[in-house]
Amino acid sequence: MAVTTYCTAAEVAFLWSEYGVELRLDDRDALASTQRMTQALEKASADVNSYLLEIYPLASLTNNAWVKWATAHCVAVDLARRRGDSPPDGLFAEYTRYMDFLKEIRAGARALI
């Protein structure tokens, strides 16, 4: 089953820069960096779904700006971690804020913005 993705490579590049994204995807194998980005977008969207889909219908998530940026931060952190690197502190702090918010939404303590 295909996963609806909530952000694009452009939003991730906004966080990392295009060069920064390419540095994290330029493995020396047959899989193109665009395919790796697609996989990262799908994984992060599935991660966000695990917090929100039990509460909100998919249609309310697909065009939600907050969901888009939460997902983009998940992708950016995943890209840093895929080679064992740590994300920059500022990026990780923002990611943590999004994750805490997602946990609160799932627990019923917050509503989606």
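Look a little higher up for the structure.
Cut-off values and rules
- Sequence order sets the numbering: in each chain, residues are counted from 1 along the sequence as written.
- Thresholds applied to this predicted model are a pLDDT of at least 70 for local features of residues and 80 or more for the giving and counting of side-chain atom pairs; totals over whole chains, interfaces and linings are not thresholded and use all residues.
- Based on all heavy atoms of the structure, the side-chain values leave hydrogens and waters out of the count.
- Helix and strand assignments follow DSSP, with helices taken as H or I runs no shorter than four residues and strands as E runs no shorter than two, numbered in order from the N terminus.
- In this treatment the radius of gyration is a C-alpha quantity, and the globule benchmark scales as 2.2 Å times the residue count to the 0.38 power.
- Classification of residues uses two cut-offs on accessible area relative to the type maximum, computed with a 1.4 Å probe and protein chains only: under 20% is buried, over 50% is exposed, and between them is partly exposed.
- Throughout, a contact is declared for two residues whenever any of their heavy atoms are within 4.5 Å.
- All accessible areas in this document rest on Shrake-Rupley with a 1.4 Å probe, and a residue is counted as covered only by the protein chains that are shown.
- Given a helix with a known number of residues, its expected span is that number minus one, times 1.5 Å.

**With respect to the overall build of the protein**
Line of reasoning, step 1. Assigned secondary structure in the protein consists of 6 helices and 0 strands.
Line of reasoning, step 2. For the protein, the sequential pattern of α-helices and β-strands runs α-α-α-α-α-α.
Line of reasoning, step 3. Against the globule reference of 13 Å for 113 residues, the protein gives a C-alpha radius of gyration of 14 Å, in line with a compact fold.
Line of reasoning, step 4. Reported as C-alpha extents along the three principal axes, the dimensions of the protein are approximately 45 × 35 × 20 Å.
Line of reasoning, step 5. A buried classification covers 40% of the 113 residues belonging to the protein.
Line of reasoning, step 6. Once local pairs closer than 6 in sequence are excluded, the contacts in the protein between residues at least 24 apart make up 74%.
Line of reasoning, step 7. As displayed, the protein offers around 6,500 Å² of accessible surface, 54% of which is attributable to carbon and sulfur atoms.

**Let's talk about the side chain of Glu11**
Line of reasoning, step 1. With respect to the helices and strands, Glu11 occurs in helix H1 (residues 9–16).
Line of reasoning, step 2. A relative accessible area of 16% means that Glu11 is categorised as buried.

**Brief notes about helix H3 (residues 33–52)**
Line of reasoning, step 1. With 20 residues, H3 extends 28 Å from end C-alpha to end C-alpha; this agrees with the ideal 28 Å at 1.5 Å per step.
Line of reasoning, step 2. Listing the buried residues of H3 in full gives Ser33, Arg36, Met37, Ala40, Leu41, Ala44, Ser45, Val48, Asn49, Tyr51 and Leu52.

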